[in-house]
Amino acid sequence: MSRRHRQPPQKSSSYSDRYAKKVLSHTAKENRMIHALRRSFNPKCLVSTVLCMLPAILSLRRGSKVIHSNSPFSRKIHSSKMLGGPELPAVGLGTMGISDGGAIRTAVAAGYRLIDCAPVYFNEALVGDALTEVFETGTVRRQDLFVTSKLASPFHRREHVEIALRKTLTDLRLDYLDMFLIHWPVAFKYVEIDPTVRGWENEDIDDSDGGKQIDPAVSVHETWMAMEEMVDKGLTRHIGVSNFPVALIHELLTGCRIKPAVNQVEVHPYMQQQKLIDYCSKRGIKVQAYSPLGTSGYKEANEPSVLSDEVLREMASAKGVTVAQLCVSWALQRGTSIIAKSSSAERQKENLRALQNPIILSEEERKAIDSLDRGYRFFRPEDWWGDMAMAVFH
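Summary of the structure given here. (Residues numbered from 1 in each chain as written. Predicted model: local features only at pLDDT ≥ 70, side-chain atom pairs only at ≥ 80, totals over all residues. Heavy atoms only, no water.)

Here's the deal with helix α10 (residues 310-319)
Argument step 1. Taken as a whole, α10 has its buried residues at L312, M315 and A316. Seen end-on, α10 carries its buried residues on one side only, within an arc spanning 100°. Exposed residues pointing more than 90 degrees away from the buried face of α10 are listed as E314, S317 and A318.
Argument step 2. Where α10 begins, the side chain of D309 points an oxygen toward the backbone nitrogen of V311, at a separation of 3.0 Å.
Argument step 3. After α10 finishes, the residue G320 shows a positive phi value of roughly 75°. (Buried < 20%, exposed > 50% of the residue type's maximum accessible area, 1.4 Å probe, protein only. Helix = DSSP H or I, 4+ residues; strand = E, 2+ residues; numbered from the N terminus. Arc of directions from axis to C-beta. Polar contact = N/O pair within 3.5 Å; in protein donor to acceptor, adjacent residues only side chain to side chain.)

Comments concerning the side chain of N263
Argument step 1. Examined against the element boundaries, N263 turns out to sit in strand β6 (residues 262-266).
Argument step 2. We classify N263 as buried; its relative accessible area is 0%.
Argument step 3. Here the side chain of N263 touches F244 through a polar contact of 3.0 Å, landing on its backbone oxygen.

Overview of the side chain of Q325
Argument step 1. Along the chain, Q325 falls in helix α11 (residues 323-333).
Argument step 2. Look past the residues within four positions of Q325 in its chain and what remains in contact with it is E350, R353, A354 and I359. (Contact = heavy atoms within 4.5 Å.)

Overview of unusual backbone geometry
Argument step 1. One non-glycine residue, R173, lies in the positive phi region at around 60°.
Argument step 2. Note on placement: R173 falls in the loop between α6 (158-172) and β4 (177-182).
Argument step 3. In this model, Q273 sits at a positive phi of 50°, which is unusual for a non-glycine residue.
Argument step 4. For Q273, the position within the fold is in the loop between β6 and α9 (274-282).

Here's the deal with the pattern of salt bridges
Argument step 1. Enumeration over the complete set of coordinates arrives at 18 salt bridges.
Argument step 2. Three or more residues are tied together by salt bridges with common partners; here these are D129, R173 and R198. (Salt bridge = Lys/Arg side-chain N within 4 Å of Asp/Glu carboxyl O.)

Here we look at the packing of aromatic side chains
Aromatic ring pairs: the centre-centre distance and the angle between the two ring planes describe each pair.
Argument step 1. A full pass over the atoms with the stated rule returns eight aromatic pairs.
Argument step 2. On the numbers, 6.0 Å between centres and 80° between planes, the contact of F155 with Y190 is edge-to-face. With F155 in the loop between β3 (146-151) and α6 and Y190 in the loop between β4 and α7 (220-232), this pair connects stretches of sequence that are 35 residues apart. Y190 matches F155 in its accessibility class, with the two residues each being buried.
Argument step 3. Taking 6.2 Å as the distance between ring centres and 85° as the angle between the ring planes, the aromatic pair formed by F188 and W385 counts as edge-to-face. Remark: W385 occurs in helix α14 (residues 381-385) and F188 occurs in the loop between β4 and α7; sequence separation between them is 197 residues.
Argument step 4. The buried category is assigned to F188, whose relative accessible area is 5%.
Argument step 5. Pairwise contacts between aromatic rings join W184, F188, W384 and W385 into one cluster. (Phe/Tyr/Trp six-rings, centres within 6.5 Å; stacked < 30°, edge-to-face > 60°.)

Structural notes on the sheet that holds β6
Argument step 1. In space, the eight strands of this closed barrel follow the order β1-β2-β3-β4-β5-β6-β7-β8, with parallel pairing throughout. Ignoring strand direction, the axes of neighbouring strands in this sheet form an average angle of 30°.
Argument step 2. Note that β3 and β4 share four bridges and pair parallel. When the sheet's bridge partners are listed, L151 is paired in β4 with I182. (Pairing = 2+ DSSP bridges. Axes fitted to C-alpha atoms, helices over the stretch in contact; angles between N-to-C directions.)

Some remarks on the packing of helix α5 (residues 124-136) against α6
Argument step 1. α6 packs onto α5 with a crossing angle of 50° between their chain directions and a minimal axis gap of 6 Å. What the angle tells us is that α5 and α6 run oblique. Here α5 contributes E124, A125, V127 and G128 to the contact with α6, which in turn contributes T168, D171 and L172.
Argument step 2. Broken down by class, the residue content of the contact of α5 with α6 amounts to three nonpolar, two polar and two charged. (Parallel < 35°, antiparallel > 145°, perpendicular 65-115°, else oblique. Nonpolar A, V, L, I, M, F, W, Y, C, P; charged D, E, K, R; others polar.)

Description of the packing of α6 against α7
Argument step 1. Axis separation between α6 and α7 bottoms out at 8 Å; the angle between their running directions is 45°. The pairing of α6 with α7 is recorded here as oblique in orientation. α7 is crossed by α6, and the crossing has right-handed handedness. Mapping the contact onto sequence places R158, E159, V161, E162 and L165 in α6 and E222, T223, M225, A226, M227, E229 and M230 in α7.
Argument step 2. Residue composition of the contact of α6 with α7, grouped by class: six nonpolar, one polar and five charged. (Left-handed = near helix turned anticlockwise from the far one by under 90°.)

None of the figures reported here should be taken as evidence of function without further support.
This is the structure we're talking about:
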């Protein structure tokens, strides 16, 4: 996180500011329509007047795009308002660190139906090219694949959320997402982008400059209101959060119109987060575990290794499975779904085998794994953001 952060541009002349004003102007247009209706009100022709105006109002409300009855959104868009949210594939492919589109193609061929992306992985254009090839070859149809991406921290203000989402859609070569998450519950100062250009020239959007670029004036409610609007416009089917502790979820739920369908958080035997899982379950929010194997490719050399844990190795050996399969089964039996990153075709299949051939853990075995919890995070915001991270995570 030592990269130099570009200073935010002047909004008055930016492309994105003009774009945001255009988006927000829909509300003013709707108000003028309502005033016109009031002035011309006639009880005898009220029904016909409303019916004539309805398509235009819907068009404005969904970003000047009428969503017809045969659209996939008209059938599924409201499901994230339901208790428990969408039906998520139990095992998804994480794309952080993937630099070869072949990993996406082998995962889909192996049976993965959830692909988890993010702008700050800086590979969404690569993922999009691979997905396009998968669809064109007929391996799967778009509607059969669940694609998740996330809102990066510089775009938490209401006028910037749609710009960020459209940039992700451009990179992924998609018309909509299945899930759009707030990646981290901390806003950065705005970084200007062009949503029509694929790829990234630098990594400024992921650089907090040791916390100096954090913008504490942005409310989670402001961001969430814009996230809800993305559902209304048909740009994403569902919305959720990531890395949110209980206190922030509780605050968010006090004023939301659409509940978060998912909270994606770091969960593995060394970071079990049972209280968070229990709270989300009671509030009808699905927990999705990332780094379920302890992120062996990301951790520092002096950090503990989940896959090398002696208790887990002995248990896995006794059952004739790998530690990775044991960890996947343990996570699934706790009621969470998982996001597991792997570029290896064989390891991708290995992770799926735990789903296809469930490993049943006894109560004694579950207690043995429970005893390994040490509250250890491999992803530590305090290392990136300094003291500004402490209020959120401690």
